[in-house]
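These are the residues of each chain, in order.
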Amino acid sequence: MDDSEAVTVRVADTRDVCLLAELGAATFRAAFEKDNTPEDMAAYLAEHFTEAKLRQEIADPLATFLIAERSGQPLGYAKLRAGAPDTCMIGPKPMELVRLYVLPESIGQGVGARLMQACLATATGLGFETLWLGVWEHNHRARDFYRKWGFEAVGSHLFQLGSDIQTDLILQRALRV
C-alpha cells in the first residue's frame, strides 16, 4: 500500500455531524444487528445516532471524535470522553474510549489499529494516565482486539440496548506502558 492509500486519522468538528451520525449507525448496525432484535436495534439507533444527538455530543467540551479515512473516504471513528469514570475503575486519571467502530469492509486493514494509536496518543496528550472502555461480554472480536492492546478487565456494568439489558465488561489499560 503506498502513501496515497494510508489510513489517516483526524479530529472531527461540527461539519462532521452528518457523517458521524451515518457512520455511527452503519458501524453499530454491522457490529450488533445479528445478535439483537430489530426493535431493540431500531430503538438504540434512533436514540444515539441522530444528527441532533451527534451535534450535542460533538459540542461537548469533554468529548473528542476521531475519524479514520483513506483518500478522504471515512472508514471508522472513535469517541473519547473525559469525565466521571465507571465506579469499578482503579487506574489514575482515566479517560473513556466510548466508541471505536470500523466499517465492515475495512476490518482487517489496520484501521482499528490506527484509530487505537490515535486514541492512545490523544488521551496521553491531554494528560490522562488510564484509558478505559465498556465492551459487550459477547463481542469476542472486540474483546480480542482490546486484549491485544493491553486492556484488562476490572469490572462490569449494565448496558441497555432498546429493551434488552446487557452486560458490558469494563476494561482499562495504562497509557504509559
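Small disclaimer: the values here were computed from a predicted structure and weren't measured.

**A few points about the side chain of Thr 130**
The topology assignment puts Thr 130 in strand E5 (residues 130-136). Polar contacts involving the side chain of Thr 130 include one to the main-chain carbonyl oxygen of Pro 92, which spans 2.6 Å. If we skip the residues at most four places from it in the chain, Thr 130 touches Met 89, Gly 91, Pro 92, Lys 93, Pro 94, Met 95, Gln 172, Arg 173 and Leu 175.

**A short note on helix H4 (residues 111-125)**
Over its 15 residues, H4 runs 21 Å from end to end, which matches the ideal 21 Å to within 8%, given 1.5 Å per residue. Taken as a whole, H4 has its buried residues at Val 111, Gly 112, Leu 115, Met 116, Ala 118, Cys 119, Leu 120 and Ala 123. Phi turns positive one or two residues past the end of H4, at Gly 127, with a value near 90°.

**Here's the deal with the pairing of strand E4 (residues 94-102)**
Most of E4 sits inside the fold, with eight of its nine residues counted as buried. With three bridges joining them, E4 and E5 adopt parallel strand pairing. Bridge pairing in E5 places Pro 94 opposite Thr 130. With H4 bridging E4 and the parallel E5, this β-α-β connection has right-handed handedness.

Criteria and thresholds
Each chain has its residues counted from 1, running along the sequence as written. Per-residue local features of the predicted model are confined to residues with pLDDT of at least 70, and side-chain atom pairs are confined, for both listing and counting, to 80 or more; whole-chain, interface and lining totals are unaffected and use all residues. Side-chain figures throughout are based on the complete set of non-hydrogen atoms in the structure, without hydrogens or water. Strands are runs of DSSP state E lasting at least two residues, helices are runs of H or I lasting at least four, and both sets are numbered from the N terminus onward. The definition of a polar contact used here is a pair of N or O atoms within 3.5 Å, where within protein one atom must be able to donate a hydrogen and the other to accept one, and adjacent residues in sequence count solely through side-chain atom pairs. Throughout, a contact is declared for two residues whenever any of their heavy atoms are within 4.5 Å. Helix span, expected: 1.5 Å multiplied by one less than the number of residues in the helix. Buried, partly exposed and exposed residues are distinguished by accessible area as a fraction of the type maximum, computed with a 1.4 Å probe on protein chains only: under 20%, between the cut-offs, and over 50%, respectively. Between any two strands, at least two bridges found by DSSP are needed for them to pair. With strands facing away from the observer, any crossover in which the path from the first strand over the helix to the second runs clockwise is taken as right-handed.

Treat this as a map of the structure, not an account of what it does.
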